[in-house]
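For reference, the chains in residue letters:
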Amino acid sequence: MADDMVFMGDHEASHDASPVERVSGIGVDEFVRRFRIPRRPVILTDALQDWPALGRFTPDYFSREFADLPIRCAGKDYRLGEALTLQRNATADQPGPYPCAITDCRQFMRDISPRFGYSLPNRHTHPLVPALLFNSISHIDIFFGGAGNNFPFPHYDFLRMHGWVAQVYGDKEFTLFYPGQEHLLYVDPQRPWRSTMESTNEPDPGRYPLFRQARGRKVIVHAGEALFIPCGTWHAVRSLNASISVLFDQLESSNWREFRQEVVALRRREGQFMKARLIDAYLWVLGPAMDVLEYFGANRRKDWGAR
Ligand SMILES: [Fe+2]
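Residues numbered from 1 in each chain as written. Predicted model: local features only at pLDDT ≥ 70, side-chain atom pairs only at ≥ 80, totals over all residues.

Chemist: Which residues make up the overall build of the protein chain, and what values do they have?
Modeler: A tally of regular secondary structure across the protein chain gives 6 helices and 14 strands. For 307 residues, the compact-globule estimate of 2.2 N^0.38 gives 19 Å, and the protein chain sits close to it at 19 Å. Taken along the three principal axes of its C-alpha coordinates, the protein chain extends 50 × 50 × 45 Å. A buried classification covers 37% of the 307 residues belonging to the protein chain. Of the contacts made within the protein chain by residues no fewer than 6 positions apart, 79% connect residues no fewer than 24 positions apart. (Helix = DSSP H or I, 4+ residues; strand = E, 2+ residues; numbered from the N terminus. Rg over C-alpha atoms; globule rule 2.2 N^0.38 Å. Buried ≥ 20, exposed ≤ 12 C-beta atoms within 10 Å, placed from the backbone. Contact = placed C-beta atoms within 7 Å.)

Chemist: Account for the environment of Q250, naming residues and giving values.
Modeler: Mapped onto the secondary structure, Q250 falls in strand β14 (residues 243–250). Judged by local crowding, Q250 falls into the buried class, with 25 C-beta atoms found within 10 Å. Between the C-alpha atom of Q250 and that of G232, which follows or precedes it by 18 residues, the distance is 12 Å. Residues within four places of Q250 in sequence aside, it is in contact with S119, N122, M161, H162 and W164.

Chemist: Describe the confidence of the model for the protein chain, listing the residues and the values that go with them.
Modeler: If pLDDT is low for a region, its predicted coordinates should not be looked at in detail. In this model, the protein chain carries a mean pLDDT of 89, and residues with pLDDT of at least 70 account for 93%. This model gives residues 10–15 a pLDDT under 50, and the stretch forms 8 contacts once residues within four places in sequence are excluded. (pLDDT = per-residue confidence, 0-100.)

Chemist: Explain the nonpolar core residue by residue, including any values.
Modeler: Of all hydrophobic cores here, the largest spans 45 residues; its most connected members are C100, V165, A226, L227 and V246. A per-element tally of this core places strand β9 (residues 162–169) first, with 5 residues. Leaving out residues up to four positions away in the same chain, C100 has contacts with I71, C73, A83, Q87, F143 and F144. Core analysis: the next-biggest nonpolar cluster, separate from the first, contains 10 residues, C231, W256, F259 and I279 among them. (Core = buried A, V, L, I, M, F, W, Y, C linked by C-beta atoms within 7 Å.)

Chemist: Outline the packing of helix α5 (residues 253–269) against helix α6 (residues 273–295), listing residues and values.
Modeler: Following both chains from N to C, one finds α5 and α6 inclined at 170 degrees, their axes separated by 9 Å at the closest point. Taken together, the axes of α5 and α6 are roughly antiparallel relative to one another. The hand of the α5/α6 crossing is right-handed. Seen from α5, the contacting residues are S253, W256, R260, V263, V264, R267 and R268; seen from α6, they are F273, K275, A276, I279, D280, L283, W284, G287, D291 and E294. By residue class, the composition of the contact of α5 with α6 is 8 nonpolar, 2 polar and 7 charged. (Axes fitted to C-alpha atoms, helices over the stretch in contact; angles between N-to-C directions. Parallel < 35°, antiparallel > 145°, perpendicular 65-115°, else oblique. Left-handed = near helix turned anticlockwise from the far one by under 90°. Nonpolar A, V, L, I, M, F, W, Y, C, P; charged D, E, K, R; others polar.)

Chemist: Could you give me a rundown of helix α4 (residues 80–88), with the residues and numbers involved?
Modeler: Among the residues of α4, those classed as buried are L80, A83, L84 and Q87. Taken down its axis, α4 places every buried residue within 95 degrees of arc, on the same side. (Arc of directions from axis to C-beta.)

Chemist: Go over unusual backbone geometry with me, naming the residues and quoting the values.
Modeler: Cis geometry is adopted by the peptide bond preceding P114, which originates at S113 and carries an omega value of 0 degrees. Of note, the amide linkage connecting L120 to P121 takes the cis form, showing an omega dihedral of 0 degrees. Turning to its location among the elements, P121 is positioned in the loop between β6 (100–102) and β7 (140–145). Phi is positive for R39, which is not a glycine, with a value near 60 degrees. One can find R39 in the loop between α1 (28–36) and β3 (42–44). A positive phi angle, close to 60 degrees, is found at L159, a residue other than glycine. You can see L159 is positioned in the loop between β8 (150–155) and β9.

Chemist: Mind laying out the pairing of strand β5 (residues 76–79), listing which residues take part and the relevant values?
Modeler: In terms of strand pairing, strand β4 (residues 70–73) meets β5 through 4 bridges, oriented antiparallel. By the bridge assignment, C73 is partnered in β5 with K76. The hairpin turn running from β4 into β5, its antiparallel successor, is 2 residues long, and A74 in that turn takes a positive phi close to 50 degrees. (Pairing = 2+ DSSP bridges.)

Chemist: Could you give an account of α5, with specific residues and numbers?
Modeler: Taking 1.5 Å as the rise per residue, α5 with 17 residues should run 24 Å; its terminal C-alpha atoms sit 25 Å apart, in good agreement. Within α5, the full set of buried residues consists of N255, W256, F259, R260, E262, V263 and V264. At its buried positions, α5 is contacted by β9 and α6. After α5 finishes, the residue G271 shows a positive phi value of roughly 80 degrees. (Expected span 1.5 Å × (residues − 1).)

Set out below in C-alpha cells:
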C-alpha cells in the first residue's frame, strides 16, 4: 500500500485532496503559516533529530530496563515487561493489551527533549492555567503498540488540543478525516469528541450508512517522524507493527477559543452551570493576557516545563 492515500467514500473531493505533506528543514514561522493556522496536518521528518530516545527507545530496551514499571492497560494492571511480552506475541486477530501507555513520563523527559519549536508555545504548564481544567488527562504519554492494536473509533483529541505524535519506533497508520463531517461520523452526544462507531474498519453499513460518504486521508508515520494533528481533526489510529510513540498536546493562541468552549461545555454537561460561567469568564480574560505574555517569550520551554 502507498504510504499516503486519499479516500473519499462515494463522493468526489470538494476540497484539498492531496496527501498529507512530509516536510523537513522549515522554520517555525513557515510551519505556523502553512500548517498551524490553516489547520493542515503535516509530517515533520526531522523534528525528532535531537531526541536521545530515537534509537534508544525500543521494546527490548523497555523490557530490559523498566520491566517492573506498573502500567494500566484498558483498566487492567500489568508490569511493563509483561505487557510488552503480550504485545510481542500478539497477532492481528489476537492483539495484546491496549491502550498501553506510560502516563507519568518524568523519568523519560531527558530522552524526549528538546520539545521542538513547532510545538511551542504551549500553555499547559503555565501557572495561570489551572491543572483541574484538564480533567486529570496527562499531556504526554509514551504509547506502546503491537500488531492488531488500534484506536479505531473516530475521535478528536480531548478539549480540542492540537495533537502531536512523535514516532520513535515502528510505524503507525492514521486516518485523518476532512473537517466539517460530524454529520457523517455518528458523534456520541454524551462524549462529543468521539464517535459511537467502534471502528472505521468495515463498519456495519446498516447501523452507520452515512459513514461511507466520509472523506479523509490515510498516512503512515515512521520512526523518526512527527505528525501534527490540528485541533479538532477527527482521526483513527492503527499500529502496523511493534511501535512506540510519544503523544503530546499543544494549547496555544489559535486553539484557545475552542479549548475554552470545550471546557465550559464539559462543565455544563455535568450540570455545573455556575462553575461553567466562572471558568468561561476567567479563560476569556486569560486568553489575550497569554497572547501578550507569549509575545514576550512565555510558554516556550523546550524542557517541557513542570506540573
Ligand atoms: Fe487521538
